[in-house]
Each structure stands twice: as structure tokens, then as C-alpha cells.
Amino acid sequence: MADQFPSTATHGLSSARTALLEEHLMREITRTEAAPVAIAPRRPRWRLVAIPVAVAAVATAVVLNVTGSTTPAAPSVALAPVVKVLPASAQGTAELVQQVAAATGESKPLTIRADQYVYVKSEVGFSRQIHERTMDGPIKLDAVHERQVWLPENPTRPGLIREGGEDENLGGGSAQVSIDGGAPTTPGAGNTTYAQVAALPTDPDALLKKIYTTTKGRAPGHDAAAFDWVGETIGETIVPPKVEAAIWLAAGKIPGVEVVHNAVDAAGRHGDALAFESLNERTEYIFDKTTHTYLGERSYLVKDSKAGKAGQLTGISAVLDRGVADKIGQLPSGGKV
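What you see is a predicted model; the values in this text were computed from it and never measured. (Residues numbered from 1 in each chain as written. Predicted model: local features only at pLDDT ≥ 70, side-chain atom pairs only at ≥ 80, totals over all residues. Heavy atoms only, no water.)

Considerations on the pairing of strand S4 (residues 117–129)
Operational definition: Exposed residues in this analysis have more than 50% of their type's maximum accessible area, buried residues have under 20%, and partly exposed residues fall in between, with area computed by a 1.4 Å probe over protein chains only. Where helices and strands are cited, they refer to DSSP runs of H or I of at least four residues and of E of at least two residues respectively, numbered from the N terminus. Two strands are said to pair when DSSP picks up at least two bridges between them.
Of all the 13 residues making up S4, eleven are buried; the element is thus mostly covered by neighbouring parts of the structure. Two strands pair when backbone bridges link them, and S4 and strand S6 (residues 145–152) are joined in this way by eight bridges, in the antiparallel orientation. Directly across from Lys 121, in S6, lies its bridge partner Gln 148. Bridge count for S4 against strand S13 (residues 313–325) is ten bridges, and the pairing is antiparallel. Each residue of the ladder has a partner; that of Phe 126, found in S13, is Gly 315. Both S4 and strand S5 (residues 139–141) contribute to a ladder of three bridges, which runs antiparallel. Bridge assignment links Ser 127 to a residue of S5, and that residue is Leu 141.

Details of unusual backbone geometry
Cis rather than trans, the peptide bond between Ala 219 and Pro 220 has omega equal to 5 degrees. For Pro 220, the position within the fold is in the loop between helix H4 (204–214) and helix H5 (222–235). A positive phi angle, near 65 degrees, is found at Asn 262, a position not held by glycine. With respect to the helices and strands, Asn 262 occurs in strand S9 (residues 258–264). Under the relative-accessibility criterion, Asn 262 is labelled partly exposed at 35%. If you check the backbone angles, Asn 280 has positive phi at about 70 degrees while not being a glycine. Position of Asn 280 among the secondary structure elements: in the loop between strand S10 (270–278) and strand S11 (281–288). Asn 280 sits in the buried class, given a relative accessible area of 17%.

Remarks on the packing of H5 against helix H6 (residues 241–251)
For clarity, the threshold we go by: To obtain each axis, a line is fitted to C-alpha atoms, and for helices this fit is confined to the stretch in contact; angles are then taken between N-to-C directions over 0 to 180 degrees. Throughout, the term roughly parallel applies to angles under 35 degrees, roughly antiparallel to angles over 145, roughly perpendicular to angles from 65 to 115, and oblique to all others. Here a crossing is called left-handed whenever its near helix is offset anticlockwise from the far helix by less than a right angle, and right-handed whenever the offset is clockwise. Working rule for contacts: check all heavy atoms of both residues, and any pair within 4.5 Å makes them a contact. Polar here means any residue outside two lists: the nonpolar Ala, Val, Leu, Ile, Met, Phe, Trp, Tyr, Cys and Pro, and the charged Asp, Glu, Lys and Arg; Gly therefore counts as polar.
One can describe the packing of H5 onto H6 by two numbers: an axis separation of 10 Å at closest approach and a directional angle of 160 degrees. For the element pair H5 / H6, the angle class is roughly antiparallel. When the axes of H5 and H6 are compared, the crossing they make is left-handed. Seen from H5, the contacting residues are Trp 229, Val 230, Thr 233 and Ile 234; seen from H6, they are Glu 244, Ile 247, Trp 248 and Ala 251. By residue class, the composition of the contact of H5 with H6 is six nonpolar, one polar and one charged.

Some points on the side chain of Thr 104
Counted only if it meets this: Any pair of N or O atoms that falls within 3.5 Å is considered a polar contact. Within protein, one atom must be able to donate a hydrogen and the other to accept it, and sequence-neighbouring residues count only if both atoms are side-chain atoms.
Looking at the secondary structure, you find Thr 104 in helix H2 (residues 93–105). Within the structure, Thr 104 has its side chain in polar contact with the backbone oxygen of Val 100 (distance 2.8 Å). In contact with Thr 104, not counting residues within four places along its chain, are Pro 241, Glu 244, Ala 245 and Trp 248.

A short note on the environment of Ala 199
As for its position among the elements, Ala 199 is in the loop between helix H3 (194–198) and H4. A sequence separation of 41 residues divides Ala 199 from Pro 240, and the C-alpha atoms of the two residues are 9.5 Å apart.

So, the pattern of salt bridges
Once the charged atoms of two side chains with opposite charge are near each other, the side chains can pair. This is how it is decided: The salt bridge definition used is simple: a Lys or Arg side-chain nitrogen within 4 Å of an Asp or Glu carboxyl oxygen.
By the definition in use, this model includes 13 salt bridges. A salt bridge links Asp 326 to Arg 113, with the shortest nitrogen-to-oxygen separation between them at 3.8 Å. Of this pair, Asp 326 sits in the segment after S13 while Arg 113 sits in the loop between H2 and S4; the two residues are 213 residues apart in sequence, bridging distant segments of the chain. Exposure remark for Asp 326: the relative accessible area of 34% places this residue in the partly exposed category. The exposure class assigned to Arg 113 is partly exposed, which follows from its relative accessible area of 44%. Put simply, Glu 277, Arg 282, Glu 284 and Arg 298 are held in one network by salt bridges that share partners.

Pasting the structure below:
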């Protein structure tokens, strides 16, 4: 993927996940006096292709974009860094995923040509270490800010991320993304094309088996990695309706998945969420209570730890728009999701 995505400070584990993994590992070593356990690295949930910028509460900087003109930075929103840890229950999980799958499966599929781009606009917030150059300790959520991506259907073409008032080119190359876990990369390791996502099984059981095979060996565990794959695949792409329905049905079959009511995304929208807890962190995929469409995602600590208090946000997003654009930097002129 080095040819497709820029080199940033986002490789490896996020600061929040690093602290959680280290804390968990030390507890295991103390309790069992066993030899150190090797933890396989995985791409951070909240910085898949994020530009490493520190965003102020209201960004007013002016930067140079790809066309050479100046673009004012999109305003950012200060968000409460600690949220209420809501109760989660396995009861109602099957009902929610069925509602989401039914609503998703009824959508009209889009057509994306090889020369076009998947466009996604969202609001996002990333967490980082308060004390730089450290591997653990307290984390802080930067201000929620606008993020736009233009991802090429042809992976040899360049793409673009516009975030925090900065434009970052995604360099095109010969590398291909394999959606089934084959070389040179795997689903969730980066953004895949619409055609590759469309090739996924539409049978939930077959899809879940493929997800487990693809994510085998990823930290922090078998089921957690599978749940993360869902967010990585859904987050910044367009998924054909029948495939997306299968993804949510498969997610509901992952052991440990629960329902959280009244979850809130980065845009302040409330909804019901599919949730999973791992290493003191809960991740929620949030859906509109009425239409059952996907709204966004948030993750937070469920107990006090050296990373922060219970409810400390480790990441949050809200998808505002998806569509197909003809050129980099242009908004979709036709179909939108």
C-alpha cells in the first residue's frame, strides 16, 4: 500500500490502543509470570489514512490546495472528551441487524466507472497522547473537524484527502488491494475499490468466515479484529446494498456484539448502535433510529485506566455524504448514497 497512501505518523497502533494493549499485557505478565506475549500490530481504527494534523477548536488557517489556489480550513467543533458509558446488552442485537440489513438492502446500487472517484464527507475526531514521544499515559481527543476523501476506482490513479485545511495527495501506483486477504494486502488495511467490495459474499455466514480468515492473527483478538474489519470496510467507501446488508448481518453473528441505545455520533445525531468491547475500549457503529441507516462510529474507554477516565473518547466520526465524483476535488454531480 506504500504506493497508494502517503507515509504518515499513523502506521501501527493508535496511542489509545497502544496504552490499552500495554496495560492488558502487564496485567497478564503480573498474574501469570509468563514470558512476554507478542502482539501482532494492526492498522489503527481511527487513523487509516488520516493526515497527522493538530486541529484547533476553530481552525482559521489558509493553506495551498492541489490546484494552487487558497482554501480556508473547515471549522472544527469542540466536543466533550468524556461521554456517559451507556449500558450494553446482547438482547435486541438480532432485531437491530435485521432492521439495518433490510433498510440497506432496499437501497438502489450505484454504478462507478473506472475513471471515477468514491467521495465521502465526514466529521472526525482523533485521539493522541497528551505527552508526546511516550508509549502510554493519558490521551486527548482533538477537536472534531471536517474530512473529505476522493478515492479512485482505478487504484493506479491518485486520490485526495482534504482534512483540517490541508490537502494530501494519495499517490497512484501499480499496487492492487485484495479484498479476500491475498497478497499484497488485506481488507481493512486500506480503502478498496467498489468492484472489490462488490465481490464479497452476500451470504452472511460465508462472509463472516472470510472475515475471520482475512483477519487471522490481528490484535487484539479474533472477534475484535473481525468487528474492526466491519468499520474499516464500511467507513470510507461505497458498498453495494446487498453486500452491506450481509456485512451487518455478519457483524451481528460475532460473539460479544451487543446493542447500545442512544449512542451519539460526531455530528450530534442519536441512534442505536452495534457495540463490541475489547481491552477496556468499546467501539460502536451507530444507526438512525428511524431509517436504520449508518450514521458513524465512536470508541471510548469503559473503565478508568492510565489512558483516561471511563467514557474518554478515543475516536469519533459521522458520515455526512457519500457519492461518485468525476474528478478529484469535485463534489458528486450524480448519484449519492
